[in-house]
Amino acid sequence: MDWGISNRLCRILKPATGRTVMLAVDHGYFLGPTSGLEEPRKTLAPLLPYADSLMLTRGVLRNCVPPGIDIPIVLRVSGGTSILTELSAEGLTVAMEDAIRLNACAVTLSIFVGAEGERETLLNLAHLVDEGEKYGIPVLAVTAVGKDMVRDARYLGLACRIAAELGAHFVKTYFCEGFDGVVRDTPVPLIIAGGKKIPEKEAILLAWSAVQAGASGVDMGRNIFQSECPGGMIRAIRAVVQENASVEQASKIYDQARGAAQ
Ligand code: 5RP
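What counts as what
- Residues numbered from 1 in each chain as written.
- Predicted model: local features only at pLDDT ≥ 70, side-chain atom pairs only at ≥ 80, totals over all residues.
- Heavy atoms only, no water.
- Pairing = 2+ DSSP bridges.
- Helix = DSSP H or I, 4+ residues; strand = E, 2+ residues; numbered from the N terminus.
- Axes fitted to C-alpha atoms, helices over the stretch in contact; angles between N-to-C directions.
- Contact = heavy atoms within 4.5 Å.
- Buried < 20%, exposed > 50% of the residue type's maximum accessible area, 1.4 Å probe, protein only.
- Near = heavy atom within 4 Å.
- Polar contact = N/O pair within 3.5 Å; in protein donor to acceptor, adjacent residues only side chain to side chain.
- Areas by Shrake-Rupley, 256 points an atom, 1.4 Å probe, with all protein chains shown as cover.
- 1 Å grid on protein atoms, 1.4 Å probe; cavity = no way out; pocket = protein on both sides within 12 Å on 5 of 7 lines; lining within 4 Å.
- Sits in = over half its atoms within 2 Å of the grid points.
- Right-handed = clockwise from strand over helix to strand, strands pointing away.

**Student:** Would you mind going over the sheet that holds strand β10 (residues 217–220) in detail, with residue names and values included?
**Tutor:** Ordered in space as β1-β2-β3-β6-β7-β8-β9-β10, the eight strands form a closed barrel in which the pairing is parallel. Looking at each pair of strands side by side, their axes are set apart by 25° on average, direction ignored. Judged from the three bridges that link them, strand β2 (residues 53–56) and strand β3 (residues 73–76) form a sheet pairing that is parallel. Paired with Leu54 across the two strands is Ile73, which belongs to β3. Packed on one face of the sheet, helix α11 (residues 230–243) meets β1 (20–24) and β10 and runs near 150° to β1.

**Student:** Before we move on, can you summarise unusual backbone geometry with the specific residues and values?
**Tutor:** Most peptide bonds take the trans configuration, and most residues that are not glycine carry a negative phi. For Asn103, which is not a glycine, the phi torsion comes out positive at approximately 60°. Unlike most non-glycine residues, Asn244 shows phi in positive territory, near 55°. Among the structural elements, Asn244 can be located in the loop between α11 and α12 (247–261). Residue Asn244 is classed as exposed on the basis of its relative accessible area, which comes to 54%.

**Student:** How would you sum up the site of the ligand? Please name residues and give values.
**Tutor:** Of all residues adjacent to the ligand, which total 16 residues, the nearest are Asp26, His27, Lys172, Gly221 and Arg222. Take Arg76: an N or O atom from its side chain is 3.1 Å from an oxygen atom of the ligand. In the environment of the ligand, an oxygen atom lies 2.9 Å from a nitrogen or oxygen atom belonging to the backbone of Gly194. In the complex, 94% of the free accessible area of the ligand, which totals 370 Å², lies under the protein chains. In a pocket analysis with a 2 Å cut-off to the grid points, the ligand is assigned to the largest pocket.

**Student:** For the pairing of strand β8 (residues 170–173), give the residues involved together with the corresponding values.
**Tutor:** Taking every second residue as pointing to the same face, both faces of β8 are buried, with Phe170 and Lys172 on one and Val171 and Thr173 on the other. Summarising the sheet, strand β7 (residues 139–143) and β8 pair through three bridges and their orientation is parallel. Counted as the bridge partner of Val142 is Lys172 from β8. Where β8 meets strand β9 (residues 190–193), three bridges bridge the pair, whose relative direction is parallel. Its bridge partner being in β9, Val171 is matched across the sheet by Leu190. At this point the chain moves from β8, through helix α8 (residues 179–185), to the parallel β9, and the crossover so formed is right-handed.

Shown next, in the form of structure tokens:
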């Protein structure tokens, strides 16, 4: 692999563990002002010290992230649809030159395997990989799931493998039963999304189970910034991903932080 791509990947997937705690705050690109992200600047400030990487759009990056911060940026470069219409018809929204101007460490887009936008979004991925290879910028493919899609190992394995075959340097997907098989069949690092908000201990268990099954970390949003104690939650998830903490140890970290915040 090109040295620049490898080096940028190592800034995200920390070499000591090969894993990352990626904080996802890109939801507004199709959801608007999501709960917990109404004022991204305020949400982000206390969480950034505990994140290994940050996934967001160029609008939030430019307006809500201090340029002095030392965190690798995973820039969302797909969109063009909203929750009100057909989500899968995404196009590319940022030129690679602008991603480079913004000092992005990686670019990311969603692919919609099995949905209306399948062909277009897979070709977007192939195009983005070509652009990324030109400039040494890795591409994170996000396996988005449509309303009618089951999140099982067969479907997610298909989507992740296609993403890797088209050249994605790493892939974000959902955890599922049989996730170790999805990891085995995908020849690039896999990270998992948190998904909809669930009780804190369940989200900690989700992260732990994914890492045990071979995930290279998490790309977690709502289960952190919609938590009763976002700072405690990111610290707990960090302990699981980067320090191999057990669910009990991480839950204690969360409980203590929550207690101290009250
Ligand atoms: C939205 C995304 C999100 O960044 C991703 O789903 C992670 O966030 P969450 O943990 O809230 O699911 O890619 O398309």
